[in-house]
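A structural walkthrough
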Number of protein chains: 2
Amino acid sequence: MEPAARPGPDPSPVLVFDTMLAYERTAALKAAIDLNLFRAIGDGPGDVASLAQKCSASKRGLRILCDYLTIMGFLYKVEDGYRHTPTSAAFLDPRSPACIAPISRFLGSPLMTEPFKHLADIVRTGRTSLPGAGSVEPENAAWVDFAHSMAPMMAPMAGPLSGIVLNGLSGPVRVLDIAAGHGLFGIEIAKQHDSAQIVAVDWAPVLEVAKANARTAGVMHRFTTVVGSAFDVDYGGPYDIVLLTNFLHHFDPATCIRLLRKVHAALKPSGRAAALEFVPNEDRISPPMAAGFSLVMLATTEAGDAYTFQELRTMYLEAGFERVNAYPVPNGPHSVVMGDAR
Amino acid sequence: MEPAARPGPDPSPVLVFDTMLAYERTAALKAAIDLNLFRAIGDGPGDVASLAQKCSASKRGLRILCDYLTIMGFLYKVEDGYRHTPTSAAFLDPRSPACIAPISRFLGSPLMTEPFKHLADIVRTGRTSLPGAGSVEPENAAWVDFAHSMAPMMAPMAGPLSGIVLNGLSGPVRVLDIAAGHGLFGIEIAKQHDSAQIVAVDWAPVLEVAKANARTAGVMHRFTTVVGSAFDVDYGGPYDIVLLTNFLHHFDPATCIRLLRKVHAALKPSGRAAALEFVPNEDRISPPMAAGFSLVMLATTEAGDAYTFQELRTMYLEAGFERVNAYPVPNGPHSVVMGDAR
């Protein structure tokens, strides 16, 4: 007897098989990036012999990898070889300003991949298999790597975030950037607003990455740092804007509320706290990328989650904020959730 | 400057991000199978608390895993919990006769997953990172696991394969099943044809699995075995039919031709050699599952491949066969390529 099922698309063993082998997709894309294949494709010519030579690879290996990438939509196959698709040209060729290939380093790092080897155990216990607080364990060196390698993915969101938090403000603004990482969000505000002063909080080695980025952007004279955990350090202030980017999802709601109260105390009246987050719909299964992010938080933290807007709003209100609203970031899976201090 | 690209769908960073995290999909499905979640879903009720109790799991972990499986299409979310989709009911619930969940054991085994950790190196060298001949190294214990765990996926093909090779034959038939594994293909012929005698060749521990299956099918009195490598043992014969299921793809064309010559010598005049294979189209990028199988052969063998029909036909002709044709197996990615001995 077959078990009863909801109506839906026809049953598909291919979906099962594909999913069981999905790790091959990650491996193929990572191999192509590691071999610098997408630069070789952009340079041309795209025949197997030329590509194999440029990538110091075997012809057999190169041909099979390129066919596989073509099946996945990352290359286009023509009579005499391979060409970029629009996706690989824009996001995988290192000559493209939008290239996000470096994020494979962080997404493929042991911090991310190790827990997924023990996912059944993690579902049993309800917390990461990583020691202590998991990915947010103090001084976790992975965040230096994150600051370096995830910057290309975060950079396109800095403009929209900056526009949202500066909207309607004039005169000098003081900005606290909590868990600043690469620092790009505060730096973008400094670039958009001549009299903005940025204070970035993070662990010392991570702040070195942020300071290097601030120097490159020419805003180092308005960029200072506070070394330590966002939960422990003195924020100074008061501030007009506090940024909490990709941070709240690592913690349970009680911890988020505690942090938001500390943020509230560091804000001027009517100052703004802005969280950049994956915000799934209330059904928790859409949109796919924001909702699917919960699994990363299950695997890598003690009690984090991708929170819905209602959950985040409740946290803000409990911490003393008012007028809490969500602003989707265009062309990406993130939203800005912003509340005003009283 | 952005590199030039072929026209195609709009560029998508989501495809890049999804692929870099595709290993999460494999991990989530494997965790659900390991936790026996799909049986619990079939049993109902599907609320988080009941499922967590049945799977000895935490509510947080269970809820996040079920949401993720819903996003992937393996569950359906309703007001009070989760239900099967047609795919999970048919192929993942152990109470379904078509359940293929056990294949995750072989597809997730170190034999399969280890080489994908070194895929860039494999593309460089053009051969598996596994020692020796890779997956076909003599007495590789993984094939016992394969014989057990892949049987549910192969079983639906046994009927169509049997129909193709028996078509037009009458009277007693002698069948040689090379690299028999679970033995299901020869066993099905014995079931369909009362006077068929089956001789199965494989390594000794693998043949134990085949013999157990032959006993269960009630055909053991017409089922004998030859222990050893298909390249070394004396086949006996002559035979009416030789099966080469999921075997040729492990070897280079010269080795395949050598084996096919040996097969030819063991066949009666007009006897048939039938290979069950992933056969990509001549473009080598379609259909996706057959074409994508080349990557598994790159990763796990010295020189294997998913061969096109023209390549297989050439091998058969070189080995002395004539009338070589391909017969797609319905509802699956495999084809039967059959040639007649002269």
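Residues numbered from 1 in each chain as written. Chains lettered and ligands numbered in written order. Predicted model: local features only at pLDDT ≥ 70, side-chain atom pairs only at ≥ 80, totals over all residues. Heavy atoms only, no water.

A count of helical and extended segments in chain A gives 16 helices and 9 strands. Against the 2.2 N^0.38 benchmark of 20 Å for 342 residues, chain A shows a C-alpha radius of gyration of 22 Å, consistent with a compact globule. The principal-axis extent of the C-alpha atoms belonging to chain A is close to 65 × 60 × 35 Å. Here chain A holds 342 residues, and the buried ones make up 61% of them. Restricting to contacts in chain A with at least 6 residues of sequence separation, those with at least 24 account for 66%. Accessible surface computed for chain A: about 13,000 Å², of which carbon and sulfur atoms make up 54%. Looking at chain A, you have 29 positive and 34 negative side-chain charges, and the mean spots of the two groups are 4 Å apart. (Helix = DSSP H or I, 4+ residues; strand = E, 2+ residues; numbered from the N terminus. Rg over C-alpha atoms; globule rule 2.2 N^0.38 Å. Buried < 20%, exposed > 50% of the residue type's maximum accessible area, 1.4 Å probe, protein only. Contact = heavy atoms within 4.5 Å. Areas by Shrake-Rupley, 256 points an atom, 1.4 Å probe, with all protein chains shown as cover. Lys, Arg positive; Asp, Glu negative; His and termini not counted. Charge placed at Lys NZ, Arg CZ, Asp CG, Glu CD.)

Right, let's get into the relation of the copies chain B and chain A. Here chain B sits on chain A after a turn of 180° about the axis and a move of 0.0 Å along it, with an RMSD of 0.0 Å. Such a combination of turn and shift is consistent with a two-fold rotation axis. When C-alpha positions in chain B are compared against the rotation axis, the closest is assigned to Y23 of chain B, at 2.1 Å. The residues that chain B uses at the interface reappear at the interface of chain A in 100% of cases, marking a shared surface. (Least-squares fit on C-alpha atoms with pLDDT ≥ 70 in both.)

Take the sheet that holds strand 6 (residues 239-245) of chain A next. Consider a sheet: its strands pair through backbone hydrogen bonds, and that pairing is either parallel or antiparallel. Residue and element names in this part refer to chain A. Strands sit in the order 5-4-3-6-7-9-8 across an open sheet of 7 strands; the sheet is mixed. Whereas interior strands pair on both sides, the edge strands pair on one side only; in this sheet they are strand 5 (223-227) and strand 8 (322-328). Within the sheet, the average angular offset between the axes of one strand and its neighbour, ignoring direction, is 20°. Set on the sheet, helix 13 (residues 204-216) makes contact with strand 4 (196-202) and strand 5; between it and strand 5 the angle comes to about 175°. (Pairing = 2+ DSSP bridges. Axes fitted to C-alpha atoms, helices over the stretch in contact; angles between N-to-C directions.)

Moving on: the interface of chain B and chain A. The partner chain A presents 100 residues to the 99 residues of chain B that form the contact. Run the count over chain B and chain A and you get 2 salt bridges. The partner of R63 of chain B in a salt bridge is D305 of chain A, with the nearest N and O atoms 2.8 Å apart. Taken together, chain B and chain A are joined by 30 residue pairs in polar contact (both at pLDDT 80 or more). (Salt bridge = Lys/Arg side-chain N within 4 Å of Asp/Glu carboxyl O. Polar contact = N/O pair within 3.5 Å; in protein donor to acceptor, adjacent residues only side chain to side chain.)

Now for the pattern of salt bridges. All names here are of chain B. The final tally for this structure, using the stated rule, is 36 salt bridges over all chains. R124 serves as the salt-bridge partner of D121, at 2.7 Å between the closest nitrogen and oxygen. Of this pair, D121 and R124 both sit in helix 9 (residues 119-125), separated by 3 residues, roughly a single helical turn. As a salt-bridge pair, K268 and D240 come within 3.0 Å of each other at their nearest N and O atoms. Taken together, the positions of K268 in strand 7 (residues 267-278) and D240 in strand 6 (residues 239-245) put the pair 28 residues apart, joining distant regions of the chain. Residue class for K268 comes out partly exposed when judged on its relative accessible area of 28%.

Within the secondary structure, T113 of chain A is located in helix 8 (residues 110-116). Sequence-wise, T113 of chain A and A299 of chain A are 186 residues apart; in three dimensions their C-alpha atoms are separated by 9.1 Å.

On to the sheet that holds strand 8 (residues 322-328) of chain B, then. Residue and element names in this part refer to chain B. The strand order across the open sheet formed by 7 strands is 5-4-3-6-7-9-8, and the pairing between neighbours is mixed. The sheet is open, and its two borders are formed by strand 5 (223-227) and strand 8, each paired with just one other strand. Direction aside, neighbouring strands of the sheet carry axes that sit 20° apart on average. Where strand 3 (residues 173-178) meets strand 4 (residues 196-202), 6 bridges bridge the pair, whose relative direction is parallel. Its bridge partner lying in strand 4, I178 is registered against V201.

Now for the packing of aromatic side chains. Enumeration according to the criterion identifies 18 aromatic pairs over all chains in this entry. Residues F231 of chain B and F251 of chain B carry aromatic rings whose centres are separated by 5.0 Å and whose planes lie at 75° to one another, so their mutual orientation is edge-to-face. Highlighted residues: F231 of chain B in the loop between strand 5 and strand 6 and F251 of chain B in the loop between strand 6 and helix 14 (253-265), separated in sequence by 20 residues. Note on F251 of chain B: relative accessible area 12%, which makes it buried. An aromatic cluster is built from F106, W143 and F146 of chain A, whose rings are joined through pairwise contacts. Sitting over the face of the ring of Y235 of chain A, K262 of chain A holds its NZ or CZ atom 4.3 Å from the ring centroid. (Phe/Tyr/Trp six-rings, centres within 6.5 Å; stacked < 30°, edge-to-face > 60°. Lys NZ or Arg CZ within 6 Å of the ring centre and 35° of its normal.)

Here we take up the environment of D121 of chain B. For D121 of chain B, a relative accessible area of 44% translates into the label partly exposed. Measuring from C-alpha to C-alpha, the distance between D121 of chain B and A299 of chain B comes to 9.8 Å, with 178 residues separating the pair along the chain.

The topology assignment puts T19 of chain A in helix 1 (residues 13-20). Aside from chain neighbours lying at most four places away, what touches T19 of chain A is R25, T26, L29, M72 and F74 of chain B.

Another aspect to go through is helix 14 (residues 253-266) of chain A. All names here are of chain A. Over its 14 residues, helix 14 runs 20 Å from end to end, which matches the ideal 20 Å to within 8%, given 1.5 Å per residue. Within helix 14, burial applies to T255, C256, I257, L259, L260, V263, H264 and A266. For helix 14, the secondary structure elements touched by its buried residues are strand 3 (173-178), strand 6, strand 7 (267-278) and helix 16 (309-318). (Expected span 1.5 Å × (residues − 1).)

On to the environment of E188 of chain A. Residues and elements named next belong to chain A. Assignment of secondary structure puts E188 in helix 12 (residues 184-192). Given a relative accessible area of 18%, E188 falls into the buried group. In this structure, the C-alpha to C-alpha distance between E188 and A155, residues 33 residues apart in sequence, is 9.0 Å. If we ignore the near neighbours within four places in the chain, the residues touching E188 are A158, G159 and S162.

So, about the pairing of strand 5 of chain A. Along any regular strand the residues' side chains alternate between the sheet's two faces. Residue and element names in this part refer to chain A. Taken together, the 5 bridges between strand 4 and strand 5 define a ladder with parallel strand orientation. The residue bridging I198 from the neighbouring strand is F223, located in strand 5. Once you follow strand 4 into helix 13 and on to strand 5, the crossover reads as right-handed. (Right-handed = clockwise from strand over helix to strand, strands pointing away.)

The next point concerns the nonpolar core. Core analysis: the biggest nonpolar cluster contains 190 residues, and L37 and L119 of chain A together with L37 and L119 of chain B have the highest contact counts within it. With residues near it in sequence (within four places) discarded, L119 of chain A still touches L295 and A299 of chain A together with A27, A28 and A31 of chain B. (Core = buried A, V, L, I, M, F, W, Y, C linked by side-chain atoms within 4.5 Å.)

Okay, the pairing of strand 1 (residues 75-78) of chain A next. Relative to strand 2 (residues 81-84) of chain A, strand 1 of chain A is paired through 4 bridges, and the arrangement is antiparallel. Counterpart to V78 of chain A in the pairing with strand 2 of chain A is G81 of chain A.

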